[in-house]
Amino acid sequence: MSNKVFILDSTLRDGAQGQGISFSVEDKLKIAKALDDLGVHYVEAGNPGSNPKDMEFFKRVKELNLKNTKIVAFGSTRRLGVKAEEDKNLRDLLEANTETVTIFGKSSDFHVIDILKTSLEENLKLIKESIEFLKKNGKEVIFDGEHFFDGYKSNKQYSLETLKVAKEAGADVIVLCDTNGGTLPTEVEKITLEVRELVGGSIGIHCHDDMGMAVANSIMSASAGANHIQGTFIGIGERCGNANLSAIIPTLELKMGMKVLEDGALNKLKTAALIISEISNITLKDYAPYVGNSAFAHKGGMHIDAVIKMSKSYEHINPEAVGNSRRFLVSEVSGKSTILKEVQKIFPNMSKDSKEVQTIIDKLKELEHQGYQFEGAEGTVELVIRKVIGKYKPFFKLNNFKVIGEHPSLKGDFTSTALININVEGKQEMTVAEGDGPVNALDKALRKALEIFYPQLKDVRLIDYKVRVLDAGSATEASVRVLIESTDGLEHWTTVGVSKDIIEASWIALVDSIEYKLIKDIERKVRMYF
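Because the structure is predicted, anything quoted here is derived from the model rather than measured.

Using the criterion set out here, one finds eight aromatic pairs in the structure. Considering the side-chain rings of F57 and F58, the 5.7 Å spacing of their centres and the 75° angle between planes classify their relative orientation as edge-to-face. F58 carries the same exposure label as F57, and that label is buried. Relative to W507, the ring of F401 lies with its centre 5.0 Å away and its plane at 40°, an arrangement referred to as tilted. Placement of the pair is F401 in strand β11 (residues 397–406) and W507 in helix α17 (residues 502–529), with a sequence separation of 106 residues. Residue classification places F401 among the partly exposed residues on the basis of a relative accessible area of 27%.

Written out as structure tokens, the structure reads:
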């Protein structure tokens, strides 16, 4: 088992094939920079021959002066009936001017005969001549044996032969691809061991998640000696996605003792996950291993008590090791120690016997009785604590707002318009905004007004909005609870509002979201100053 493992991130290529994913050139540049900051060894950035956008990326990425990452161009073996030196795809790979290229070839007899429509012998020539051409032009070549595991099961001898030919032609890394995502971890381990013995050299693994096994398969391959792991950073990709590198990397380092990133880089893992999910326009799942908001969140009173005494009682690693943090969820089952921990995050010197702690507990219970739920709504909890202790000052005063719905509108759809009048330190601002609904319009109008005074709010956006009817028996007179998740691209936070009026409940949560962001910005500046 090799101690050093190299990571190839394919978020910009394989990840871009996922449903709902569309990267601009600027998006791809930002993701490449985030992966370089983390220390990922290779970033597979696309097929330069497939579209002008990818070729533009390969030209512009040189301006980033990446320190840790090699940018990789991706393409296929030469076409049938075309010499390698005349093949447009191969020439485009050279034009991308990257030090490293990934080239994929068929490692399954079924795909050679029924999909590529050629002979098994001709496919071996495609692999051999394409790799030899790229090596003659000075490239580091990674060969992806497409559909290798499926091919191994149907014609083991031929699948292994494609790898041997690639190795003899000069490929620097031979990658075993579970392209359909249908192989079991035990199979991956056994086959990786056999490939190491028969083919030798640097062996890689590329897994898809169609059975939910991509991470496990990658780990088992690494345990069998694979020293090159491919995946996408938050698991995005075609169909069910690719192997999730944000779960694989810390497992290799912290559980298997392998050397992956440079010393101290692993604590940037969650930040990288947040940046990439934000650029991808995907909400990072709370339950994501290592990097999710719930990865180290504790709710049960017995669990919390144990973690306070000794964190390893309910945590398999230190959250800070991956840039995450421990969270104690405030709820109806929380004890005094839970509330104290939340208070001490803001006011470290507060003791358990302080009367303010009991006052906060009473206030939270009172709000819960009204229908509030604070589990996961850390933004609102912090504001409640500050208000009780007297360390809160509103950033603006609402004079009034008005929301108007229109149907049919000039657009043909139901639209809403919000007019808002606020006061900030004696200065009045009135704005109007149109949205796809009353809450959307109100959100736009409020931030439009506040951005004049607090320009950093331009970075804030809502990424989730949930409504829960609290007493369904009251029909349209029922109270509702609105939960809003917000982000500024680096952090996520959640706030909650309750009212019999859905717009007012949304307003309460919106205001808390904005004030939480502004308070955190002030605290960051103070820490930087001192």
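Bringing the environment of N242 into the picture now. By secondary structure assignment, the location of N242 is in the loop between β8 (228–231) and α10 (245–255). Overall, N242 belongs to the buried group, its relative accessible area being 2%. Along the sequence, N242 and T179 sit 63 residues apart, while their C-alpha atoms lie 9.4 Å from each other. Ignoring any residue separated from it by four or fewer positions in sequence, one finds N242 in contact with D14, H206, C207, H208, D209, A214, T232, G235, I236 and G237.

Once that is clear, we can look at the UniProt feature "domain: Pyruvate carboxyltransferase" (unreviewed entry) in the protein. With numbering aligned to this structure, UniProt lists the feature "domain: Pyruvate carboxyltransferase" (unreviewed entry) at residues 5–270. Summarising residues 5–270: 42% helix, 17% strand, and an end-to-end C-alpha distance of 20 Å.

This part is about the sheet that holds strand β16 (residues 492–499). Strand order in this open sheet of three strands is β14-β15-β16, and the pairing throughout is antiparallel. The two strands at the open ends of the sheet, each matched to only one other strand, are β14 (461–469) and β16. Between one strand and the next, the sheet's axes are offset by a mean angle of 15°, whatever the strand orientation. Both β14 and strand β15 (residues 480–487) contribute to a ladder of eight bridges, which runs antiparallel. Each residue of the ladder has a partner; that of K466, found in β15, is L483.

This part covers unusual backbone geometry. Of note in this structure, N65 is not a glycine but carries a positive phi near 50°. Locating N65 in the fold gives a position in the loop between α2 (52–60) and β3 (70–76). Judged by its relative accessible area of 57%, N65 is exposed. Backbone geometry at R239 places phi at a positive 60°, although glycine is not the residue there. With respect to the element layout, R239 can be found in the loop between β8 and α10.

Okay, the domain arrangement of the protein next. Split into domains, the protein comes out as domain 1 (6–280), domain 2 (297–389) and domain 3 (397–529). A separation of 26 Å is found between the C-alpha centroids of domain 2 and domain 3. Between domain 2 and domain 3, the contact holds 15 residues from the first and 17 residues from the second. Our enumeration of links across domain 2 and domain 3 arrives at two salt bridges. The partner of E382 in a salt bridge is K520, with the nearest N and O atoms 3.0 Å apart. Counting every contact that joins domain 2 to domain 3 gives seven residue pairs in polar contact (both at pLDDT 80 or more). Ranked by residue count, the leading element in the side of domain 2 that touches domain 3 is helix α15 (residues 378–389), at seven residues. Residue classes in the side of domain 2 that touches domain 3 are distributed as five nonpolar, six polar and four charged.

Conventions we followed
Residues numbered from 1 in each chain as written. Predicted model: local features only at pLDDT ≥ 70, side-chain atom pairs only at ≥ 80, totals over all residues. Heavy atoms only, no water. Phe/Tyr/Trp six-rings, centres within 6.5 Å; stacked < 30°, edge-to-face > 60°. Buried < 20%, exposed > 50% of the residue type's maximum accessible area, 1.4 Å probe, protein only. Helix = DSSP H or I, 4+ residues; strand = E, 2+ residues; numbered from the N terminus. Contact = heavy atoms within 4.5 Å. UniProt positions renumbered as here; feature names shortened; annotations may be inferred. Pairing = 2+ DSSP bridges. Axes fitted to C-alpha atoms, helices over the stretch in contact; angles between N-to-C directions. Domains from an automatic or database assignment. Salt bridge = Lys/Arg side-chain N within 4 Å of Asp/Glu carboxyl O. Polar contact = N/O pair within 3.5 Å; in protein donor to acceptor, adjacent residues only side chain to side chain. Nonpolar A, V, L, I, M, F, W, Y, C, P; charged D, E, K, R; others polar.

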